[in-house]
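# Working through the structure, step by step
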Amino acid sequence: MTNYSFDAQKTYAVIEYHWLQFMAQTYSDKCVIGISGGIDSTCVAALACKIFGKDNVIGISLPCNGQKDAADVDKVFDHLQIKRLDFDIGDAFYEVLDGVANNGIDISYVTRTNLPARLRMASLYAFAQSIPGALVINTCNLSETLQNYDTLWGDGCGSYAPIKNLTKTEVRKLAKWLGVPDDLVMKTPVDGLQDFTDEERFGYTYEELDNYIRYGKGDIALITAIIVRYKSGKFKIDMVNIDGPDFNFPDYIQKKNV
């Protein structure tokens, strides 16, 4: 693999400058962030704390009839010491499913998988729009977005996206630089909606994916698989354009064809 080069301090400086400008332009001073226990939301919350101070960061835990890795959510809040709000979307989830089923429609696996993400986003906006000066902060990274792994109008939404142009590898490096505990930094990525890890779903690792995104490296089978996933979700990338910092990294995945 290519030696992955990344300067966390310089990247942080770009995010800080751009995010401060965005908040000033929107007359906002508080960040509402869904805390899942994963590295992306943890990194975004840690960034917000460093830039705006922990008193201006509101973390919301949104389990769906409980959460397997609830201990990691607790660990994030204990580490960051931000305001915590909790809302279980389980009742809303089953009410929607019942509404679909009661109209004679068979509920698909995809519906069960994506509905929680959309209910969480609706809930985050309900909280944020009831807190003066608050905005919902998106926590998606470039690797997942380019692999069709965020939910349209679910976790793929938000009012500002500080890590939208960083790969998973870069998010981990940035989180480590911010002082996030190592067990959270290196936690196996899972979306919490199904029984497989991200990498099991992809069929390749984030290391392999990110080395292709940044350096165009990989064998033909890997590149083909990455491009197919990218093309299948490109319509979502074209539809959703959330503001966020640009780091001017090379983006091979959008320039090469297989």
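Placed above this text is the structure.
These figures come from a predicted structure and were not determined experimentally. (Residues numbered from 1 in each chain as written. Predicted model: local features only at pLDDT ≥ 70, side-chain atom pairs only at ≥ 80, totals over all residues. Heavy atoms only, no water.)

### A word on the overall build of the protein
For the record, the criterion: Working definition: helices are DSSP H or I runs of at least four residues, strands are E runs of at least two. Numbering for both runs from the N terminus. Between the two quantities, the radius of gyration covers C-alpha atoms and the globule rule is 2.2 Å times the number of residues to the power 0.38. Between buried and exposed lies partly exposed: a residue is buried under 20% and exposed over 50% of the maximum accessible area for its type, with that area taken using a 1.4 Å probe on protein chains only. Whether two residues are in contact is decided by their heavy atoms, any of which lying within 4.5 Å being enough. For the area figures, the Shrake-Rupley method with a 1.4 Å probe applies, and any residue is considered shielded solely by the protein chains shown. Just so you know, the count uses Lys and Arg for positive and Asp and Glu for negative, and it drops His and the chain ends. Here the site of a charge means NZ on Lys, CZ on Arg, CG on Asp, or CD on Glu.
Across its full length, the protein carries eleven helices and four strands. Taking 258 residues into account, the globule formula puts the C-alpha radius of gyration at 18 Å, and the protein, at 18 Å, falls close to it. By principal-axis analysis of the C-alpha atoms, the protein measures approximately 45 × 45 × 35 Å. Buried positions account for 50% of the 258 residues belonging to the protein. Here the analysis covers contacts within the protein between residues at least 6 apart in sequence; of these, 77% occur between residues at least 24 apart. If you sum the accessible surface of the protein, you get close to 12,600 Å²; carbon and sulfur atoms cover 51% of it. With 26 positive and 34 negative side-chain charges, the protein shows a separation of 4 Å between the mean positions of the two kinds.

### A look at the side chain of Ser41
So the rule is basically this: In the analysis that follows, any N or O atom pair within 3.5 Å is treated as a polar contact, provided that within protein one partner can donate a hydrogen and the other can accept it, and provided that, for residues neighboring in sequence, both atoms belong to side chains.
Mapped onto the fold, Ser41 is located in helix α2 (residues 39–52). What makes Ser41 buried here is its relative accessible area of 3%. Of the polar contacts made by the side chain of Ser41, one reaches the backbone nitrogen of Ser36; its length is 3.2 Å. Not counting chain neighbours up to four residues away, the residues in contact with Ser41 comprise Ile33, Gly34, Ile35, Ser36 and Thr139.

### A short note on the pattern of salt bridges
Keep this limit in mind: Salt bridges, as used here, are contacts in which a Lys or Arg side-chain nitrogen is within 4 Å of a carboxyl oxygen on Asp or Glu.
If you walk through the whole model with that rule in mind, you get twelve salt bridges. The salt bridge involving Arg84 is made with Asp86; its shortest N-O contact spans 3.1 Å. Note on Arg84: relative accessible area 33%, which makes it partly exposed. Across the pair Asp150 and Lys236 runs a salt bridge whose closest N-O atoms are separated by 3.9 Å. Here the residue Asp150 occupies a position in the loop between α6 (142–146) and α7 (168–177), and Lys236 occupies one in helix α11 (residues 220–239), the gap between them amounting to 86 residues. By the burial criterion, Asp150 is buried, and Lys236 matches it. The network of salt bridges with common partners includes Asp40, Glu144 and Lys168.

### Description of the nonpolar core
For clarity, the cut-off: In this text, buried Ala, Val, Leu, Ile, Met, Phe, Trp, Tyr and Cys residues form a nonpolar core when linked through side-chain atoms within 4.5 Å.
Judged by nonpolar contacts, the single largest core of 39 residues is most densely connected at Trp19, Ile33, Leu47 and Leu174. Secondary-structure elements contributing two or more residues to this core are α1 (8–25), β1 (30–34), α2, α3 (70–80), α7 and α8 (182–185). In terms of residue count, the dominant contributor to this core is α2 (ten residues). Within the second largest apolar cluster, 16 residues are counted, among which are Leu62, Leu115, Leu119 and Met121.

Honestly, it's all geometry; don't read function into it.
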